Amino acid sequence: MWNTDNPDPHVENPTFKALYKSIPFFIALRNDCVYGIFFDNHFKTNFDMGYSSTDYYSFGAADGELDYFFFYGDTIADIISQYTALTGRCPLPQLWTLGYHQSRWGYSSQQEVLDLAQNFIDNDLPCDVIHMDIDYMDNYKVFTVDKNRFPDLTALSDVLHQKGIRLVTIIDPGTKVENGYHMYEEGIKNNYFAQTPDGEVYENVVWPGDSVFPDYTSSIVRNWWGSQTKFLLDQGISGIWNDMNEPASFRGPLPDDVVFPGDDMPRQHKEVHNVFGHLMAKATYEGIKKNSGKRPFVITRACYSGTQKYSTAWTGDNQSIWAHLKLSIPQLLNLGMSGMPFVGTDIGGFGSNTNPELLSRWIQASCFAPLFRNHCAKFSRCQEPWQFDKQTLDIYRTYVRLRYRFIPYLYDLFYEESRTGMPIIRPLVMHYQSDPEVRECNDEYLVGDRILVAPVTDQGVHVKAVYLPQGTWIDYWTKERISGGKYILRDAPIDVCPIYIKGDSIIPAWPQLDHIPDGGSEELILEYYPASADSSKYVHYQDNGADFAYEAGEYNLYRFRADKDGELSVSMEHEGYEHHYETLRVEVY
Ligand code: GLC
């Protein structure tokens, strides 16, 4: 484990050893015995999982202490709960962050961003967030804006906000070496950057050319960096996307002996590397929290155990290839089981060129991905949903709308996660641990414990072998009832992603909305799927979806009980948020 920005396709390949994130934690399930081991060492670590011998596994590190934590429990959920009690849980996000995000490296003018937003409106597509990649900066200098191409960022964010769309801007750690540039000058004056062993400021090359690297191990530097977020927040920016923070560098890797002076304890790069992105995310989170009072929205590429406390993450530079669509499911599920629940992949693929079929299958597979963002590289084919034919656009719209429908369910899962560490999307083995059939199931996932998604991830395939665990499952599209404990073959033409609801579930939903309203919807729908039980229960969470008032009790917890005859009873388990729903509607299926 050594946080790495490797642009080669991330596929099974013996030379491909490390990715962007290092989370040295694993869970073992053997017969009915479940345990987890967290090897808390952020030097370079190695895991040999049955390679040298099928009789044992081993792990070790290049340096540092052999500190590891052993968690024992009855279920995988127990292990995740213990691990996240130790390393932290993802705090409740702002509601809008659960909406659809559109990004592309290359949106290079104010007008282009406005046109992009208009295209969503014209094409009847929900969208809550547009991301601005490095193109908005002046010569890739962090915490600057190119005034020629973006003459008035505040006006741009205001106009978009009126249309229900927010802006997120990218920030890289590499700070341009340039006299007169405030970040460089302040950092040099105060010794805020990493150094060579001889005490010179260490330079490498990133997007801005010659660059220096902030020492995020120092609380003073983190405060300084965090305070810069005000520059963007004041111009209406709603979140910050941290990239290149492995750290990535274009003139060879940072040598092991580069020094991070810290507050009072210098450390070498070999010790700091795997937590560099984590500490950058912490600095960004704390800066946004202080400057906005809102729940910070941060995205990071590099992570270490515990980064979930500060940031969401995306899986980095994937490609528009089927292998990466397929891989996205185990990647997101594994991140969730590693304590990082708020994650997503670049929908459509980042590098190389997507196509209508791949994009259609990707939006279906990612429909419930906690972080829901389409992003691609500058030199790739454009992949906004309207770039292809009508069929692709219609499919895309259907699944984005489905996502918006279930946002209250996703938000409830985030509430649960913040208290227990349970991921939002889960592998089947988490809920059907004793069913041997699901132990290696990598192509289906559960959303919470009551929606099962079985996406098609192969080119030209129009039928899916879906494994349904024990119990009654209801086909979301046809409402057909199926007894589980077996495989079924489901027709899956290009516009169908097989989705099943667990019998006896209540699922909260919203009516059709194009944007996530501040404070949520005025109407709550309860989709109820009775099966064998006479009644079903569901606990639903509601708050202002924006700030930290919930910590002081400003939230509502509803307990719903639906009977087979359609009767709904509601009781309040906690009542602290003054805004209640105007309408509650039960839909019985
Ligand atoms: C990196 C990021 C990618 C971004 C690009 C330009 O490759 O992973 O998401 O678009 O840099 O900033």
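I will try to describe carefully the structure that is included in this document. Keep in mind that this is a model prediction, so the values were computed, not measured.

For the coordinates displayed, the defined rule picks out 31 salt bridges. Between D449 and R450 there is a salt bridge, with the nearest N and O atoms lying 3.1 Å from each other. For R450, a relative accessible area of 17% translates into the label buried. When salt bridges with common partners are traced through the structure, they connect D5, D243, E246, R301 and D317 into a single cluster.

Sheet architecture is open: nine strands sit in the order β19-β18-β16-β13-β9-β8-β7-β21-β20, paired in parallel fashion. In this open sheet, the two strands that pair with only one neighbour each are β19 (343-344) and β20 (346-347). Relative to strand β18 (residues 312-314), strand β16 (residues 298-300) runs parallel, the two being bridged by two bridges. Residue I299 lies in a different strand from β18, and its bridge partner there is T312.

Right, let's get into the packing of aromatic side chains. In the structure shown here, the tally under the stated rule is 47 aromatic pairs. Ring centres of F25 and F71 lie 6.1 Å apart, and the angle between their planes is 80°; this geometry places the pair in the edge-to-face category. Of this pair, F25 sits in strand β2 (residues 25-30) while F71 sits in strand β6 (residues 68-73), and the two are 46 residues apart along the sequence. The pair formed by F25 and F71 is uniform in burial state, with each residue classed as buried. For the pair Y184 and F193, a centre-to-centre distance of 6.4 Å together with 20° between the ring planes defines the contact as stacked. The structure contains a cluster of three or more aromatic residues connected by ring pairs, namely F143, Y184, Y192, F193, Y216, W224, W225, F260 and F276.

Right, let's talk about the nonpolar core for a bit. Ranked by internal contacts, the top residues of the largest apolar core, which has 171 residues, are W225, F368, V447 and I451. Looking at this core element by element, the count peaks at nine residues for helix α6 (residues 269-292). Apart from residues no more than four positions distant in its own chain, V447 is found in contact with F368, Y409, L410, L413, I424, I425 and V453.

In this section: the environment of G336. Relative to the assigned elements, G336 resides in helix α7 (residues 322-337). For the pair G336 and I424, spaced 88 residues apart in the sequence, the C-alpha separation amounts to 7.3 Å. Apart from the residues within four sequence positions on either side, G336 is in contact with P341 and P423.

To continue, consider a negative patch on the surface. A surface patch of negative charge is lined by D198, E200, D256 and D257. Checked against the element boundaries, D257 lands in the loop between β13 (237-242) and β14 (259-260).

With respect to topology, three strands assemble into an open sheet ordered β30-β31-β35, the strand pairing being mixed. Of all the strands in the sheet, the pair left with one neighbour each is β30 (505-509) and β35 (583-588). Here the strands of the sheet are splayed against their neighbours by 20° on average, with no regard to which way each runs. Relative to strand β31 (residues 523-529), β30 runs antiparallel, the two sharing five bridges. Within β31, the residue paired with A509 across the bridge is I525. Sheet strands touched by helix α10 (residues 407-420): β30 and β31. Its angle to β30, the strand with the most contacts, is close to 110°.

Before going further, it helps to spend a moment on the environment of L513. Tracing the sequence through the fold places L513 in the loop between β30 and β31. For L513, a relative accessible area of 21% puts it in the partly exposed group. Remark: the alpha-carbon pair of L513 and P126, spanning 387 residues in sequence, is separated by 7.3 Å. Setting aside anything within four residues of it in sequence, one finds L513 in contact with P126, R401, Y404 and S521.

A few words now on the site of the ligand. Surrounding the ligand, one finds W105, D133, I134, I170, W207, W241, D243, R301, W314, D317, F350 and H375. At a separation of 2.8 Å, an oxygen atom of the ligand approaches a polar side-chain atom of R301. For the ligand, whose unbound accessible area comes to 310 Å², protein coverage reaches 97%. Taken together, the residues of the shell around the ligand sort by class into seven nonpolar, one polar and four charged.

What follows is about the side chain of N556. By the secondary structure assignment, N556 is in strand β33 (residues 556-563). Given a relative accessible area of 0%, N556 falls into the buried group. Once residues lying within four places of it in the same chain are set aside, the contact partners of N556 are H540, Y541, Q542, M572, H574, E575, G576, Y577, H579 and H580.

We now examine the pairing of strand β34 (residues 568-575). Note that β33 and β34 share seven bridges and pair antiparallel. Each bridged residue has a counterpart across the sheet, and for R559 the counterpart in β34 is S571. Turn length for the β33-β34 hairpin, with the two strands adjacent in sequence and antiparallel, is four residues, and the turn residue G566 shows positive phi of about 95°.

With that out of the way, let us pick up a nonpolar patch on the surface. Together, V570, M572 and L584 make up a nonpolar patch on the protein surface, roughly 200 Å² of accessible area in all. Residue position: M572 is located in strand β34. M572 sits in the partly exposed class, given a relative accessible area of 30%.

Cut-offs applied
- Residues numbered from 1 in each chain as written.
- Predicted model: local features only at pLDDT ≥ 70, side-chain atom pairs only at ≥ 80, totals over all residues.
- Heavy atoms only, no water.
- Salt bridge = Lys/Arg side-chain N within 4 Å of Asp/Glu carboxyl O.
- Buried < 20%, exposed > 50% of the residue type's maximum accessible area, 1.4 Å probe, protein only.
- Pairing = 2+ DSSP bridges.
- Helix = DSSP H or I, 4+ residues; strand = E, 2+ residues; numbered from the N terminus.
- Phe/Tyr/Trp six-rings, centres within 6.5 Å; stacked < 30°, edge-to-face > 60°.
- Core = buried A, V, L, I, M, F, W, Y, C linked by side-chain atoms within 4.5 Å.
- Contact = heavy atoms within 4.5 Å.
- Patch = residues over 30% accessible without salt bridge, like charges linked within 9 Å, V, L, I, M, F, W, Y side chains within 5 Å.
- Areas by Shrake-Rupley, 256 points an atom, 1.4 Å probe, with all protein chains shown as cover.
- Lys, Arg positive; Asp, Glu negative; His and termini not counted.
- Charge placed at Lys NZ, Arg CZ, Asp CG, Glu CD.
- Axes fitted to C-alpha atoms, helices over the stretch in contact; angles between N-to-C directions.
- Near = heavy atom within 4 Å.
- Polar contact = N/O pair within 3.5 Å; in protein donor to acceptor, adjacent residues only side chain to side chain.
- Nonpolar A, V, L, I, M, F, W, Y, C, P; charged D, E, K, R; others polar.

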